[in-house]
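The residues making up each chain are set out below.
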Amino acid sequence: MFLTRFRVNTARPGARRLLSSPQVLHAAVMSSFPDLLPTDAPGPEGPRVLWRLDHQARAEVMLYVVSPARPDLTHLVEQAGWPAAAAPDNPGWQTRPYAPLLDRLSKGDHWGFRLTANPVHHIRRTDHEPRKRTAHLTPTHQMGWLLDPSRQERAGFRVLEKPDSKRLLPAGTTQHKHEHHGDRYELTVHDQRSLAFNKSAAGGSPRQAVSLVTVTFDGRLEITDPERIRRTLTSGLGKAKAYGCGLMTLAPLGAVR
């Protein structure tokens, strides 16, 4: 597995085109792996190509990619990077083997994390209509999606609670139903984006309209199952993985991402 970082030159027209559509950017990311065939699609829990955009400032956007193979982002440098500054020792992106980090993960370790996800739930308005996938739209419900105990157990981690000195509630107070999750947990949610685009259909079928809501979580976690969290880091968490969701990255506590 490999972890790759690419800084997007947002001033270039090619970059604006890529950033305007998750489907276009997904296609550009996948074209970084010329030897990857459609038949190589991963299983439900197998390693796969994951990507995420981090909007660190108004004009600073970083693309992160986790992949089973080493990518070649030359075409992205030409479209949305700084091709004039590329050199043999600095082609315009940085790729590192992921195994050293994955192998050192141990039960009980604490890490900072970032995750862009598509928090959804299934609802139906009447007993006679099918359940419909619907986005969570409030920070409280979005955090609740990630804090779901069964989701965390399957993913191999738990989000840490704040020390009593950081909590807004007095020590020993039970959680009230209206307490914000951010008051209790080392977790924030930000950068909510509503995306709408047309998905190309195979065989000349009409293009399908796609809409989804994405958010970015920052927080601190404890590893509860090293094998499961390795699977989470390499196969993603949640829905819409083809559209820039599901990639969780870890950082030592106190480190700048």
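Residues numbered from 1 in each chain as written. Predicted model: local features only at pLDDT ≥ 70, side-chain atom pairs only at ≥ 80, totals over all residues. Heavy atoms only, no water.

Visitor: Give me the pairing of strand E11 (residues 248-251): which residues, what numbers.
Guide: Across the two faces of E11 the burial is the same, with Met248 and Leu250 and Thr249 and Ala251 all buried. With 4 bridges joining them, strand E5 (residues 110-117) and E11 adopt antiparallel strand pairing. In the sheet register, Arg114 faces E11, and the bridge partner there is Thr249. (Buried < 20%, exposed > 50% of the residue type's maximum accessible area, 1.4 Å probe, protein only. Helix = DSSP H or I, 4+ residues; strand = E, 2+ residues; numbered from the N terminus. Pairing = 2+ DSSP bridges.)

Visitor: Would you mind going over the nonpolar core in detail, with residue names and values included?
Guide: Proteins that are soluble and globular tend to have nonpolar side chains buried together. Judged by nonpolar contacts, the single largest core of 31 residues is most densely connected at Phe113, Leu146, Phe157, Leu187, Phe217 and Leu221. Of all hydrophobic cores here, the second largest spans 19 residues; its members include Ala28, Phe33, Val49 and Val61. (Core = buried A, V, L, I, M, F, W, Y, C linked by side-chain atoms within 4.5 Å.)

Visitor: Lay out the side chain of Asp54 with the relevant residues and their values.
Guide: Here Asp54 shows up in strand E2 (residues 50-57). Here Asp54 falls in the buried class, since its relative accessible area comes to 3%. Not counting residues up to four positions away in its chain, the partners in contact with Asp54 are Glu60, Val61, Met62, Tyr64 and Arg114. (Contact = heavy atoms within 4.5 Å.)

Visitor: Kindly report on the pattern of salt bridges, identifying the contributing residues and their values.
Guide: If you walk through the whole model with that rule in mind, you get 8 salt bridges. Between Asp225 and Arg228 there is a salt bridge; the shortest N-O distance is 3.8 Å. By relative accessible area, Arg228 is classed as partly exposed at 29%. The structure contains a network of salt bridges with shared partners spanning Arg52, Asp54, Arg114 and Asp218. (Salt bridge = Lys/Arg side-chain N within 4 Å of Asp/Glu carboxyl O.)

Visitor: Outline the sheet that holds E2, listing residues and values.
Guide: Two pairing modes exist for strands in a sheet, parallel and antiparallel, and in both the strands are linked by backbone hydrogen bonds. The 4 strands lie next to each other as E2-E3-E1-E4, forming an open sheet whose pairing is antiparallel. Strands with a single pairing partner mark the edges of an open sheet, and in this sheet they are E2 and strand E4 (94-97). Strand after strand, the sheet turns through a mean of 20° between neighbouring axes, direction not considered. In this structure, strand E1 (residues 2-8) lies alongside strand E3 (residues 60-67), joined through 7 bridges in antiparallel fashion. Bridging from a neighbouring strand, Arg5 pairs with Tyr64 of E3. Sitting on the sheet, helix H2 (residues 22-30) is in contact with E2 and E3, with an inclination near 120° to E2. (Axes fitted to C-alpha atoms, helices over the stretch in contact; angles between N-to-C directions.)

Visitor: Hey, could you go over the packing of helix H1 (residues 13-20) against H2 for me, with residue numbers and the actual values?
Guide: The geometry of H1 relative to H2 is characterised by a closest axis approach of 5 Å and an angle of 110° between their N-to-C directions. With respect to H2, the element H1 is oriented roughly perpendicular. On the side of H1, the interface is formed by Arg17, Leu18 and Ser20, while H2 contributes Pro22, Val24, Leu25 and Ala28. Looking at the contact of H1 with H2 residue by residue, the class counts come to 5 nonpolar, 1 polar and 1 charged. (Parallel < 35°, antiparallel > 145°, perpendicular 65-115°, else oblique. Nonpolar A, V, L, I, M, F, W, Y, C, P; charged D, E, K, R; others polar.)

Visitor: Kindly report on the packing of aromatic side chains, identifying the contributing residues and their values.
Guide: In this structure the tally under the stated criterion is 2 aromatic pairs. A ring pair is formed by Phe113 and Phe157, whose centres lie 6.3 Å apart and whose planes are at 40°; its orientation type is tilted. Of this pair, Phe113 sits in strand E5 while Phe157 sits in strand E8 (residues 157-159), and the two are 44 residues apart along the sequence. Taken as a pair, Phe113 and Phe157 share a single burial class, namely buried. Judged by centre distance (6.2 Å) and plane angle (15°), the rings of Trp145 and Phe217 are stacked. Within this pair, whereas Trp145 is found in helix H5 (residues 139-147), its partner Phe217 is found in strand E10 (residues 208-223), the two being separated by 72 residues in sequence. When its relative accessible area of 5% is taken as the criterion, Trp145 is described as buried. (Phe/Tyr/Trp six-rings, centres within 6.5 Å; stacked < 30°, edge-to-face > 60°.)

Visitor: Would you mind going over helix H8 (residues 226-235) in detail, with residue names and values included?
Guide: Of the positions making up H8, those classed as buried are Ile229, Thr232, Leu233, Thr234 and Ser235. Two or three places before Glu227, at the opening of H8, Asp225 has a side-chain oxygen 3.1 Å from that residue's backbone nitrogen. Positive backbone phi, at 95°, marks Gly236, one or two positions downstream of H8. (Polar contact = N/O pair within 3.5 Å; in protein donor to acceptor, adjacent residues only side chain to side chain.)

Visitor: Just give me the short version of unusual backbone geometry, but keep the residues and values in it.
Guide: The phi angle at Asp191 is positive, at roughly 55°, despite the residue not being glycine. The topology assignment puts Asp191 in strand E9 (residues 187-199). A positive phi is found at Ala240, a non-glycine position, where the angle reads about 60°. Turning to its location among the elements, Ala240 is positioned in the loop between H8 and E11.

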